[in-house]
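Overview (structure and organization)
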Amino acid sequence: MNVNRLLPVATLLALAAFAWNGSDYYTGLAVKIMIYAVFALSLQLLVGGAGLVSLGHAAFFGIGAYAAALLSPQSEAASLWWLLPAALLAAAAYAALTGALALRTRGVYFIMVTLAFAQMAYYVFHDTKVGGGSDGIYLYFRPQANIAGWLPFDLDQGNTYYFFVLACLALTWGFLALLRRSPFGAALAGIRINEQRMRAAGYSTYPYKLAAYVIGAALAGLAGFLFALKDGFVTPELLAWEQSGLVLLMVILGGMGSLGGAVLGTAALVLLQELFQSQALFGDYARHWHLPLGLAIIALVALLPDGLAGLPAQWRRRRARHAPNTPASPAAKPLALPIQGEPHA
């Protein structure tokens, strides 16, 4: 059985079981990991799918969060059935507008343009009263899933919000897995490997990249929407470039060629942050948690060049190198296994 196929099922089942056994602190930490995992998966579509390294992805995360807060009335709960699509559409609309320009550049220029557009959105919310300025804005009520007076679930009751976030993570993961296996995903893989060859084959690569950019932004908006519901408070820092760097680091740490790697990288980075910020373990030194976290990330990247998702393949290669030489069977021929992380369509 392929481990990569078992990883999503095992991860989601473990998270579902954790809701009934964890304390409030640990369930809150699990919700944070799941939300950032959706965020990382949205960037994985660009980085691992189309080879588009963006340093402005936090703009869509923040826009989704602000849409949830700004469109919710202060006196009553909004309807989930229009508020959630509105948040996704707001993020997708900004991506369509900025991506139409940013995707005409390549390489480091694309990185800088996406960063510039994200900073523009950041200063709109930070320096104006649109979203409460630098103080942020509150979301007073979580939306309700009301259908003609019938409430199938209440996000304020028990573990309902936890399982709602888990369902969003499962749907995002499944959607991207299907997308990668579709002709659209194959075209993105070809663009990542050699865009010039795809053009020579008759593909117009620009619409594919723009579609991937908008889809990734909408999924980032979903993560921002969930984050606004989690804390009930939104600040401009959600759009800052540090958030874009953080989610890019999650994707790199987990492995840029794997959806499961994005989830593993998210869990690893969030847990490392919590570990080094622990006053119980490090006392006053916990105030300087950035230093040990940076050293840990450097060590992980140096030791795991293919990311956490590539660790099993790395172990197999290492064992094969140290295994004693045995005569090959004349009826058997060695298989040419692809190296983990090697680009292939």
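Structural notes, computed from the coordinates.

A few words on the overall build of the protein. Regarding its fold elements, the protein presents 14 helices and two strands. At 21 Å, the protein has a C-alpha radius of gyration in line with the 20 Å of a compact globule built from 345 residues. Reported as C-alpha extents along the three principal axes, the dimensions of the protein are approximately 80 × 55 × 45 Å. Residues classed as buried in the protein amount to 46% of the 345 residues present. Counted over contacts in the protein with a minimum sequence separation of 6, partners at least 24 positions apart contribute 77%. Here the protein has roughly 18100 Å² of accessible surface; of this, 65% comes from carbon and sulfur atoms. Within the protein, the 14 negative side-chain charges are centred at a point lying 20 Å from the centre of the 20 positive side-chain charges.

Moving on to the packing of aromatic side chains. Tallying each qualifying case throughout the model produces 19 aromatic pairs. Note on Phe276 and Phe282: the rings are 5.9 Å apart at their centroids and 40° apart in plane angle, and the pair reads as tilted. Here Phe276 falls in the buried class, since its relative accessible area comes to 13%. Above the plane of the ring of Tyr161 lies Arg142, whose end atom (NZ or CZ) is 4.1 Å from the centre.

Bringing unusual backbone geometry into the picture now. The backbone phi angle of Ala148 is positive, close to 50°, even though this residue is not glycine. With respect to the helices and strands, Ala148 occurs in the loop between strand 1 (137-138) and helix 6 (160-181).

Counting residues in hydrophobic clusters, the biggest one holds 101 residues, and the most contacted among them are Ile35, Phe225 and Leu226. In contact with Phe225, not counting residues within four places along its chain, are Gly64, Ala65, Ala68, Leu80, Leu83, Leu84, Ala87 and Pro143.

Across the interface, helix 6 lies against helix 11 (residues 259-276) with an axial gap of 10 Å and an inter-helix angle of 145°. Each of Trp173, Leu176, Ala177 and Arg180 in helix 6 lies in contact with helix 11, whose residues at this interface are Leu259, Gly260 and Val263. Grouping the constituent residues of the contact of helix 6 with helix 11 by class yields five nonpolar, one polar and one charged.

About the cut-offs
Residues numbered from 1 in each chain as written. Predicted model: local features only at pLDDT ≥ 70, side-chain atom pairs only at ≥ 80, totals over all residues. Heavy atoms only, no water. Helix = DSSP H or I, 4+ residues; strand = E, 2+ residues; numbered from the N terminus. Rg over C-alpha atoms; globule rule 2.2 N^0.38 Å. Buried < 20%, exposed > 50% of the residue type's maximum accessible area, 1.4 Å probe, protein only. Contact = heavy atoms within 4.5 Å. Areas by Shrake-Rupley, 256 points an atom, 1.4 Å probe, with all protein chains shown as cover. Lys, Arg positive; Asp, Glu negative; His and termini not counted. Charge placed at Lys NZ, Arg CZ, Asp CG, Glu CD. Phe/Tyr/Trp six-rings, centres within 6.5 Å; stacked < 30°, edge-to-face > 60°. Lys NZ or Arg CZ within 6 Å of the ring centre and 35° of its normal. Core = buried A, V, L, I, M, F, W, Y, C linked by side-chain atoms within 4.5 Å. Axes fitted to C-alpha atoms, helices over the stretch in contact; angles between N-to-C directions. Nonpolar A, V, L, I, M, F, W, Y, C, P; charged D, E, K, R; others polar.

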